[in-house]
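Observations on chain architecture
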Protein chains: 2
Amino acid sequence: MRAVIMDAPGKITIGHRDDPRIIEPTDAVLRLVATCICGSDLWPYRGVEPADHTPMGHEYVGIVEEVGSDVTTVKPGDFVVGSFVISCGTCEICAAGYPSKCVNGEFVSVTVGTQAEKARIPFADGTLVATPGLPDEDLIPSLLAASDVLGTGWFAADAAQAGPGKTVAVVGDGAVGLMGVLAAKQMGAERIIAMSRHPERQKLALEYGATDIVTERGEAGAAKIKELTGGLGAHSVIEAVGTEESLRQAIHSTRPGGHIGFVGVAHGGVSIPADELFFAEVHLHGGPAPVRRYLPELIQLIWDRTINPGKVFDLTLPLDRAAEGYQAMDERTATKVLLTL
Amino acid sequence: MRAVIMDAPGKITIGHRDDPRIIEPTDAVLRLVATCICGSDLWPYRGVEPADHTPMGHEYVGIVEEVGSDVTTVKPGDFVVGSFVISCGTCEICAAGYPSKCVNGEFVSVTVGTQAEKARIPFADGTLVATPGLPDEDLIPSLLAASDVLGTGWFAADAAQAGPGKTVAVVGDGAVGLMGVLAAKQMGAERIIAMSRHPERQKLALEYGATDIVTERGEAGAAKIKELTGGLGAHSVIEAVGTEESLRQAIHSTRPGGHIGFVGVAHGGVSIPADELFFAEVHLHGGPAPVRRYLPELIQLIWDRTINPGKVFDLTLPLDRAAEGYQAMDERTATKVLLTL
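Residues numbered from 1 in each chain as written. Chains lettered and ligands numbered in written order. Predicted model: local features only at pLDDT ≥ 70, side-chain atom pairs only at ≥ 80, totals over all residues. Heavy atoms only, no water.

Tallying secondary structure elements over chain A gives 13 helices and 19 strands in all. Relative to the globule expectation of 20 Å for 341 residues, the C-alpha radius of gyration of chain A, 19 Å, shows essentially globular dimensions. Across its three principal axes, chain A shows a C-alpha extent of roughly 60 × 40 × 35 Å. Counting over 341 residues, chain A shows a buried share of 60%. Accessible surface, chain A as shown: approximately 12,300 Å² in total, 50% of it carbon and sulfur. Once the 28 positive and 43 negative side-chain charges of chain A are each reduced to a mean point, those two points are 4 Å apart. (Helix = DSSP H or I, 4+ residues; strand = E, 2+ residues; numbered from the N terminus. Rg over C-alpha atoms; globule rule 2.2 N^0.38 Å. Buried < 20%, exposed > 50% of the residue type's maximum accessible area, 1.4 Å probe, protein only. Areas by Shrake-Rupley, 256 points an atom, 1.4 Å probe, with all protein chains shown as cover. Lys, Arg positive; Asp, Glu negative; His and termini not counted. Charge placed at Lys NZ, Arg CZ, Asp CG, Glu CD.)

Turning our eyes to something else, we now look at the relation of the copies chain A and chain B. The transformation that overlays chain A on chain B combines an axial shift of 0.0 Å with a rotation of 180 degrees, and the residual RMSD is 0.0 Å. Both copies of the chain, as the preceding transformation shows, are related through a two-fold rotation axis. Take the interface residues of chain A: 100% of them recur as interface residues in chain B, which is what a same-surface contact looks like. (Least-squares fit on C-alpha atoms with pLDDT ≥ 70 in both. Contact = heavy atoms within 4.5 Å.)

This part is about the side chain of A:E59. Residue and element names in this part refer to chain A. Its place among the elements puts E59 in the loop between β4 (54-55) and β5 (60-67). Among the polar contacts listed, one links the side chain of E59 to the side chain of K336, at a separation of 2.9 Å. With sequence-adjacent residues up to four places away left out, E59 is seen in contact with A34, T35, C36, I37, C38, T114, L144, S147, D148, V149 and K336. (Polar contact = N/O pair within 3.5 Å; in protein donor to acceptor, adjacent residues only side chain to side chain.)

A contiguous nonpolar patch, built from A:F107, A:V110 and B:F279 and spanning about 270 Å² of accessible area, is present on the exposed surface. Looking at where B:F279 falls in the secondary structure, it is placed in helix α11 (residues 274-280). B:F279 gets classed as partly exposed once you look at its relative accessible area, which sits at 33%. (Patch = residues over 30% accessible without salt bridge, like charges linked within 9 Å, V, L, I, M, F, W, Y side chains within 5 Å. Salt bridge = Lys/Arg side-chain N within 4 Å of Asp/Glu carboxyl O.)

Residues and elements named next belong to chain A. The antiparallel open sheet is built from three strands, whose spatial order is β2-β1-β4. One side of each edge strand has no neighbouring strand; the edge strands of this open sheet are β2 (11-16) and β4. Here two bridges tie strand β1 (residues 2-8) to β4, and the two strands are oriented antiparallel to one another. Its bridge partner being in β4, M6 is matched across the sheet by T54. Sheet contacts for helix α13 (residues 322-330): β1 and β2; angle to β2, the most-contacted strand, approximately 155 degrees. (Pairing = 2+ DSSP bridges. Axes fitted to C-alpha atoms, helices over the stretch in contact; angles between N-to-C directions.)

All names here are of chain A. Inspection of the secondary structure assignment puts D173 in the loop between β11 (167-171) and α7 (175-186). At 2.7 Å, the side chain of D173 forms a polar contact with the side chain of S196. In terms of polar contacts, D173 uses its side chain to reach the side chain of R332, at 3.4 Å. Filtering out sequence-adjacent residues up to four positions away, D173 remains in contact with L178, M195, S196, R197, H198, R201 and R332.

Per the UniProt record, "domain: Enoyl reductase (ER)" (unreviewed entry) is annotated on residues 15-339 of chain A. Overall, residues 15-339 of chain A shows 33% helix and 24% strand. The separation of its end C-alpha atoms is 15 Å. (UniProt positions renumbered as here; feature names shortened; annotations may be inferred.)

Moving on, we come to the interface of chain A and chain B. The interface is formed by 41 residues belonging to chain A together with 41 residues belonging to chain B. Summed over both sides, the interface between chain A and chain B buries roughly 3,200 Å², with carbon and sulfur atoms accounting for 66% of that surface. Area buried by chain A at its contact with chain B is led by A:F278, A:F279 and A:E281, which between them contribute 22% of it. Of the charged contacts in the structure, one is a salt bridge between B:E92 and A:R255, with a shortest N-O distance of 2.8 Å. One can count 14 residue pairs in polar contact (both at pLDDT 80 or more) joining chain A with chain B. (Buried area = accessible area lost by both parts, 1.4 Å probe.)

As a general feature of sheets, a regular strand has side chains that alternate between the two faces. All names here are of chain A. Among the six residues that make up strand β14 (residues 234-239), six are buried, leaving the element largely enclosed by the rest of the structure. With five bridges joining them, β14 and strand β15 (residues 254-262) adopt parallel strand pairing. Note that in β15 the partner of E239 across the bridge is F262. The parallel pair β14 and β15, bridged by helix α10 (residues 244-253), forms a crossover whose chirality is right-handed. (Right-handed = clockwise from strand over helix to strand, strands pointing away.)

Right, let's talk about the sheet that holds strand β1 (residues 2-8) of chain B for a bit. All names here are of chain B. Strands sit in the order β2-β1-β4 across an open sheet of three strands; the sheet is antiparallel. In this open sheet, the two strands that pair with only one neighbour each are β2 (11-16) and β4 (54-55). Against the sheet, helix α13 (residues 322-330) touches β1 and β2, its axis set at about 155 degrees to β2.

Now for the domain arrangement of chain A. All names here are of chain A. Entries for chain A in the domain assignment read domain 1 (2-148 + 290-340) and domain 2 (153-286). If you average the C-alpha positions of domain 1 and of domain 2, the two centres end up 26 Å apart. Listed per partner, the contact involves 21 residues of domain 1 and 18 residues of domain 2. Here domain 1 and domain 2 share an interface that buries about 1,600 Å² over both sides, 60% of which is from carbon and sulfur atoms. The tally of links from domain 1 across to domain 2 stands at three salt bridges. (Domains from an automatic or database assignment.)

A few words on the nonpolar core. Grouped together as the largest cluster of nonpolar side chains are 64 residues, with contacts concentrated most on A:V61, A:L143, A:L150, A:W154, A:Y208 and A:I238. With eight residues, α7(A) is the largest single contributor of residues to this core. Residues from two domains meet in this core; each of domain 1 (2-148 + 290-340) and domain 2 (153-286) of chain A gives at least three. Counting 62 residues, the second largest nonpolar core, distinct from the first, contains A:L232, B:A156, B:A194 and B:Y294. (Core = buried A, V, L, I, M, F, W, Y, C linked by side-chain atoms within 4.5 Å.)

What follows is the structure, given as structure tokens:
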């Protein structure tokens, strides 16, 4: 099958990989319908993480082609959305709502690679959720978004305890930050402050429910949030960048007792000053989003056309032109790129 | 009045300070009955923080001598326990349960200094809680403990969501860690693992409800906690030290989705590796404990002799011998020193 391969940092090709097949009785094989490029794919692209003929991709929707003998919740012909983390669905950590840290878990990016025509998904019952039927074409971007970027923004808003009466500040205007805005709105937040200096992203943030835009960053950004919140800081802050500056911006934007949902992937070397965190007296929770926990609800909201996260894709290309998609995201001319099959 | 003064790091004297008097209508003046030396008092003692003829002390119980015209909840003659943070009790942050970050707040250590014969307590209604009557002598150490060390351990256990069915690990065997054990027990935790290599403290931890003792530290300590919890980590971890090693030990001892109550005072330069925190996917919450929130409940538990936190004091000295108390705590020959007046 055809598949996106990162031969080396910055070098994307369309290569050949063997067609996947059922290995374990809990597997499913999918014919992928759409996939996309994630901000985290830019880390190896930019050489921050290694890349050596690496199969890419971890977001996906597709049609089930075949299932192993133990799979009970999806069947051939089903349209499915899957999490970017494989999860068994039955261990104690999955049961507690953290399939992203399943004791039998694997990252799809590491062991599967869904920028391809097909994919073998282990633990299909614990990882995939079928849609109520075959979706209309226009729902496919939104369903694809649920696979990671929407699920991650949703987790961030949930971890930040966005809800009625709350002021939510969102640090980061990438796709995850924008999904955080959408999630906070959906959860009933009273005021949503998007921190962005990019006109197109500001526009989408407002469309998704942001009530205020703050263009300042770092300490100036945090000071602006305090100014907008009677000197106290936001109740809920979504951190969707993962650098030391953005983490400190988030900590200093949050009121004492408030909550930070922390989903920007922090890389080695990024550290949080413990004294600042201590004296801020905030709650901090985050990590790889437990997307599978939210998928049933997210699929229904999309199916009912209550939310339209698919608008976050501002460039659509066929899989064969993936290299252009990587370049556009790297140069920030696209927020998020959908790849069709 | 007589008062403990830290002339310079390591140099404790008994000096003279003016008797306090009512300044604001929300003030109370207390005649102190007991005070104590805190682990945090060792920071300036050891020269980690500055000390220059500094009045000391922030834990206190006493008898109200006089109140300002606006004080309504305590009156002359009442025996009171106060938090180590002055709090107005009425601002939005106090109302949300974080009097330790009151917008009108002050640290008692900075503006009052309770290792003295008397103290002026601003915002008496928001800071002090009267006991049901004059306490029996033997209850005084426990009531004094509620002022900080018990309230802090209690907050840590609460932030760590200790409760029925939970395994709680406690990093740090100082007074706060021991109070964390007591609090976790009181909150109904199923299993409480005290991390200590000090025989006397192990003994008190067991008495307060610890079910297991782990003597390993750092990564070895975290590995031992994982081993004791089916490879998953504890549900709840109390961090009562505040160093990078102890913070990482706490993070690595917690299961995904679990909670860390973080009350060890972290100093400048201590940092948390953001990637380790991210991929651990734990909840982290802490800071200066909102003791005032818990005082009514803690006083009642002590009054009813349900808990006996006062046992954490293993050395009692008259105020005039405070220097010996500092030395004993510095040399770890005492866990916590009570000073009588």
